[in-house]
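Listed here are the chains, written in short residue letters.
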Amino acid sequence: MRELEFDAKHEEEKIVNWLRKYVVKNGLQGLVFGISGGVDSAVVAALCKKAMPKNILGLIMPCHSSSLDVEHAGLVARKLDIPARTVVLDAVYDSFLTLLDPKADPHTKGDTAAINIKPRLRMVTLYYYANRLNYVVAGTGNKSEITVGYFTKYGDGAVDILPIAHLVKTQVMMLAEHLGVPKEIIEKPPTAGLWGGQTDEAEMGVTYQELDEYILTGHTNKPAQDRIERMIRVSKHKRHMPPMVSEEN
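For clarity, every value in this text was computed on a predicted model and none was experimentally measured. (Residues numbered from 1 in each chain as written. Predicted model: local features only at pLDDT ≥ 70, side-chain atom pairs only at ≥ 80, totals over all residues. Heavy atoms only, no water.)

A. Geometry of the packing of aromatic side chains. Counting across every chain of the model gives two aromatic pairs. For the ring pair W18 and Y22, a centre distance of 6.0 Å and an interplane angle of 40° mean the geometry is tilted. A residue pair is termed a helical-turn pair when its members lie 3 or 4 positions apart in one helix, as W18 and Y22 do in helix 1 (residues 8–25) at four residues. Taking 5.2 Å as the distance between ring centres and 90° as the angle between the ring planes, the aromatic pair formed by Y128 and Y129 counts as edge-to-face. One Lys or Arg, K169, reaches over the ring of Y208 and ends 5.1 Å from the middle of that ring. (Phe/Tyr/Trp six-rings, centres within 6.5 Å; stacked < 30°, edge-to-face > 60°. Helix = DSSP H or I, 4+ residues; strand = E, 2+ residues; numbered from the N terminus. Lys NZ or Arg CZ within 6 Å of the ring centre and 35° of its normal.)

Following this line, the structure appears as C-alpha cells:
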C-alpha cells in the first residue's frame, strides 16, 4: 500500500471540536470511555482529554486480561493525565457464565458465546457510569474493524459516538504518534484481549495493511480480498439497526 497522505494535526482538531460540540449540543456533561491498553482506546482517550479536559472518565475493565494490557492501560491514563477507575470483571464474568452454563469453561479459547460476554460486561459498566455522570459513551472502533464487523454486537459496538470510525487502522497509528501515545503501545500487535495470545490479524486472517489497502483503494491481493469481502457480507447485520416487518412489506 502506498504511503498515506494524512494530516494528523488537522484530524486532531476536527475530532476534538466535534466531540466538544456533541457534548454541549446534547446537554451532556462529559465523556466516558474504556482504556484497554491498545492503540485505539489510547487515541480516543487522548482526543477526549483535549475536548473535555475536566469532564472525562477512563475505565480500565480487565476481564481475565493479560497483565501487560492492564499495565499499558494504566500507562495511558498516567501519561495523558486522565482520571481513571479500574473495575475488575473477572468474578462477574465467571459467576455469570456459571449461571448460564455450569459446564462451561470460562477460559476456553474460541468459545464465541462465552468470550463475547466480556465486551458486553464492559458495555454495561460504561453505561452505568455514563448514566451516573450524564456523560456520553465514546467508542474506540476504527473504520477497518467496523467495515468487516470485527467487534462484538452490543458489546464494544454498543456506544453513543465513534470518534475514530472514519479512520483506518494505519491512520489511527499515525494519529497516535502525533498525540504522544506511548511507543510501546503503538508498536505492540493489536489485540482485542479476549484470550491469551490472541491478536486481531490472526483472528481475522488478514493483515491491517491488506484490510486498509482494500478499504482505501477497493482492492488488495486476491486471497485477502476474498476473505475481506466475505467478512463484510456476513457482518452486515452488525452495522444496521434490527430489521422491522414494516421495512420488508
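B. Broad picture of the nonpolar core. Counting 38 residues, the largest nonpolar core has L31, F33, V43, L47 and L175 as the members making the most contacts within it. Examining the composition of this core, we find that nine residues originate from one element, helix 2 (residues 39–51), more than from any other. The residues touching V43, leaving out its near neighbours within four places in the chain, are I164, V172, L175, A176, L179 and V181. If you look at the next biggest cluster of nonpolar residues, it comprises 17 residues, including L59, A114, Y129 and A130. (Core = buried A, V, L, I, M, F, W, Y, C linked by side-chain atoms within 4.5 Å. Buried < 20%, exposed > 50% of the residue type's maximum accessible area, 1.4 Å probe, protein only. Contact = heavy atoms within 4.5 Å.)

C. Spatial organisation of the packing of helix 11 (residues 208–217) against helix 12 (residues 222–234). At a minimum axis separation of 10 Å, helix 11 and helix 12 run at an interaxial angle of 70°. In terms of their interaxial angle, helix 11 and helix 12 are classed as roughly perpendicular. Counted together, E210, L211 and Y214 of helix 11 and A224, Q225, I228, E229 and I232 of helix 12 form the full contact between these two elements. Broken down by class, the residue content of the contact of helix 11 with helix 12 amounts to five nonpolar, one polar and two charged. (Axes fitted to C-alpha atoms, helices over the stretch in contact; angles between N-to-C directions. Parallel < 35°, antiparallel > 145°, perpendicular 65-115°, else oblique. Nonpolar A, V, L, I, M, F, W, Y, C, P; charged D, E, K, R; others polar.)

D. Here's a closer look at the pairing of strand 1 (residues 30–34). Burial within strand 1 is extensive, with five of its five residues counted as buried. Alternating residues of strand 1 divide into G30, V32 and G34 and L31 and F33, and every residue in both groups is buried. Where strand 1 and strand 4 (residues 135–137) come together, three bridges link them in parallel fashion. Bridging across to strand 4, V32 finds its partner in V137. Viewed along the sheet, the connection from strand 1 through helix 2 into strand 2 (residues 56–60) turns out right-handed. (Pairing = 2+ DSSP bridges. Right-handed = clockwise from strand over helix to strand, strands pointing away.)

E. Quick look at helix 1. Compared with the 26 Å implied by 1.5 Å per residue over 18 residues, the 25 Å span of helix 1 between its first and last C-alpha is a close match. Residues of helix 1 that are buried: A8, E11, E12, I15, V16, L19 and V23. In a view along the axis of helix 1, the buried residues occupy a sector of 125°, so they form one face of it. The exposed residues of helix 1 that point more than 90 degrees off its buried face are K21, V24 and K25. (Expected span 1.5 Å × (residues − 1). Arc of directions from axis to C-beta.)

F. Region of interest: the environment of N221. Here N221 shows up in the loop between helix 11 and helix 12. N221 gets classed as partly exposed once you look at its relative accessible area, which sits at 34%. Of the polar contacts made by the side chain of N221, one reaches the side chain of E210; its length is 2.9 Å. Polar contacts involving the side chain of N221 include one to the main-chain amide nitrogen of A224, which spans 3.0 Å. (Polar contact = N/O pair within 3.5 Å; in protein donor to acceptor, adjacent residues only side chain to side chain.)

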